[in-house]
Each structure stands twice: as structure tokens, then as C-alpha cells.
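# A closer look at the structure
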Amino acid sequence: MRDSEIDLCGAEGGGRAPDMPYLAAEDCFAFRCAGCGGCCRGREDIVLSGYDLYRLSRRLGLPPKLTAQAFCRRYIGTVSRLPVLRLAPVRAAGNNCPFLTEGRCAVHQARPLVCALYPLGQEISPEGQASYYFQGTRCGGTVHEGTLAAYLEAQGIARREPLDILWACRCMELEWQAPGWEELFQPVVLRRFQAKVCQALYYRYDLERPWPQQFEENLLWLEGQKVRLAEMQQHIHRKNR
Ligand code: SF4
Ligand code: SF4
């Protein structure tokens, strides 16, 4: 799959199909899973949020930038125009997720949201409303059955939902601003600014401090960086006239 086909909101053409029903909290759903690790193989669409990377970095004891350099691909999303990080499959290991070890997830407690959700999908509206739908599996094995609320609780998704909503809503706001950045900055300066966006979204975190406060602080810092770079560009422009 090409990078351009996978953006912050997932793979192009992915998302909810018409036959995937939304679930209410008390709705039941059932699926079979043999725990074979098959859904961690050949996956190229595991996009990380800043919070996902923060959790993985804490689990690995590495700064977020090093975690990303070691385990992710980074590029600018074709639609969002924002930096996207996704787990880089290991070609030498059959294109498996870099964290798949002996058929198990080596970072289970800190696995990304996409992995914790499966076989559910999540949508977040611009108003900050999270909805869930059942994607289904075609697998055999043990039947898992229960309500949406119980599943979200058991997988740790309910606990992190406010942070995932914060991430999604702020990224949507940035996405709406991104065309303006491309008008404001010349290409060289735009690349510098995009590097700042990447720092704000993914890297500029102290792993000893809670994530959401730092995320909000980073977005304020980014505003300051935008003003500084615009002034610098203006200054160079005046000098070259
Ligand atoms: S959902 Fe299917 S592919 Fe994934 S671990 Fe379970 S049995 Fe394997
Ligand atoms: S992070 Fe863990 S659960 Fe997710 S794809 Fe990799 S091995 Fe599988």
C-alpha cells in the first residue's frame, strides 16, 4: 500500500462500509478469534496518534522521536496535509508489525488504538462525538461476545476515549488550517513548519508528564512558531528586494 493511500483517518477507501452497523453502548456483538496474530501480519495501515506514540515510547523507554525513527514511516498525508506516522512493517520478517514477537504483541499494554479496537472501528465527529461500528472477522476460534460498553472497558478504550477525541478534533482543526500554511509559506519554509507540526503532534513530550496538557501546550507553541517563521520569511523577502 502506498503512503499516499493512508492518512490520519486511516486507509483510503477504508472506514465504515454500509453493512457495518453502529453500536450503542448496550448493543451486543460477537466474533471468533483464535489468537493467531494473523491481523498483525502484512499490515501497513496502523496509523499512530501522538498519544499512541507517547504510550509506546513510555513502554519502550525511548524518546518519542527515537521510537518513531526506529519503528515508523513518516510522510505528509495527501488529504490532511499533516505529518502522518504509521508502524513500518518489517520486510525481512514477512512484512509483519515490528512488535509482533513469537506470534504475540510485545507492546500489548501500550498497543495503538487501531489494534485495541479491532474488530471494531471508531469514528469521531468534529463536535467530538465518538461512534463505534463492528467490522466483523472471518476467523475461527473462541467466540467472544458482549456489549460494546464491556468491550471498550476491557480493551482500555473507554479510559483513553477523551484523549482520542482531543487528538481527532485538534487534528481536524489543523487540517482545516493546512491549506493556509501552504499559501503563507514558500516551499522551503513550509518544510520547516511541517517539521514543527510533527514535533508538536508527536515528539515534543516529556514522558514523565501527562500527555493531554502537553498536547495543548504544543499547539500553542506551534502558533508561536508559525508567527516566527512568517516573520523570518518576511525579513528575508525584504532583504532580497
Ligand atoms: S482476529 Fe483472526 S487473524 Fe486476528 S488474531 Fe484472531 S484469529 Fe488471528
Ligand atoms: S502493535 Fe501489537 S497488536 Fe498492533 S499490529 Fe503490532 S503486534 Fe499487532
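Everything numeric in this text was worked out from a predicted model, so none of it was measured.

### Looking at the environment of V143
Here V143 shows up in strand β12 (residues 142–147). Ignoring sequence-local partners within four residues, the contact set of V143 consists of A30, F31 and R32.

### Section: the sheet that holds strand β7 (residues 83–87)
Spatial strand order, β5-β7-β6: 3 strands in an open sheet with antiparallel pairing. Since the sheet does not close on itself, it has two edges, and those belong to β5 (47–48) and β6 (72–76), each with one partner. Strand direction decides the pairing type here: β6 and β7, joined by 5 bridges, are antiparallel. Across the sheet, the residue bridging to R73 is R86, located in β7.

### Section: helix α7 (residues 211–240)
If you check α7, its first and last C-alpha atoms are 42 Å apart, about what 30 residues at 1.5 Å a residue would give, namely 44 Å. Along α7, the residues that are buried comprise W211, Q214, F215, N218, L219, W221, L222, Q225, L229 and Q233. Tucked into the core, α7 has its buried residues touching α1 (50–60), α5 (157–184) and α6 (187–203).

### Structural notes on the packing of α5 against α7
Relative orientation of the contacting elements α5 and α7 amounts to 5°, with a least axis distance of 11 Å. Judged by the inter-axis angle, α5 sits roughly parallel to α7. When α5 is examined against α7, the residues L163, L166, W167, R170, L174, Q177, W181 and L184 are found in contact with a partner set consisting of W211, P212, F215, E216, L219, L222, E223, K226, A230 and Q233.

### Considerations on the nonpolar core
Within soluble globular proteins, side chains that are nonpolar generally end up buried alongside one another. By size, the foremost hydrophobic cluster in this structure holds 45 residues, and its most contacted members are L8, W167, W181, L201, Y202, W211 and F215. Among the elements of the structure, β5, α1, β6, β7, α5, α6 and α7 are those that each provide at least two residues to this core. Of the residues forming this core, the biggest block, 9 residues, is contributed by α6. Two domains each provide a minimum of three residues to this core, namely domain 1 (3–160) and domain 2 (164–240). Of all hydrophobic cores here, the second largest spans 19 residues; its members include A116, I124, L152 and M172.

About the thresholds
Per-chain numbering applies: the sequence of each chain, read as written, is numbered from 1 onward. Note on labels: chains are lettered from A, ligands numbered from 1, in written order. For a predicted model such as this one, the threshold for reporting local features is a pLDDT of at least 70, and the threshold for listing and counting side-chain atom pairs is 80 or more; totals across whole chains, interfaces and linings nevertheless cover every residue. Note that water and hydrogens are dropped before the side-chain values are worked out from all heavy atoms of the structure. Numbering of helices and strands starts at the N terminus; helices are DSSP runs of H or I of at least 4 residues and strands are runs of E of at least 2. By definition, residues are in contact when any of their heavy atoms lie within 4.5 Å. A pair of strands is treated as paired once DSSP finds two or more bridges between them. By this rule the span expected of a helix is its residue count minus one, scaled by 1.5 Å. Whether a residue is buried, partly exposed or exposed follows from its accessible area with a 1.4 Å probe, protein chains only, as a fraction of its type maximum: under 20%, in between, or over 50%, in that order. Fitted lines through C-alpha atoms serve as axes, helices being fitted only where they are in contact, and the angles separating the N-to-C directions of these axes extend from 0 to 180 degrees. If an angle is under 35 degrees, it is roughly parallel; if it is over 145, roughly antiparallel; if it lies from 65 to 115, roughly perpendicular; otherwise it is oblique. Definition used in this section: a nonpolar core is a set of buried Ala, Val, Leu, Ile, Met, Phe, Trp, Tyr and Cys residues joined via side-chain atoms within 4.5 Å. Each domain span listed reflects an automatic or database assignment of domains.

Read these as spatial facts, not as claims about activity.
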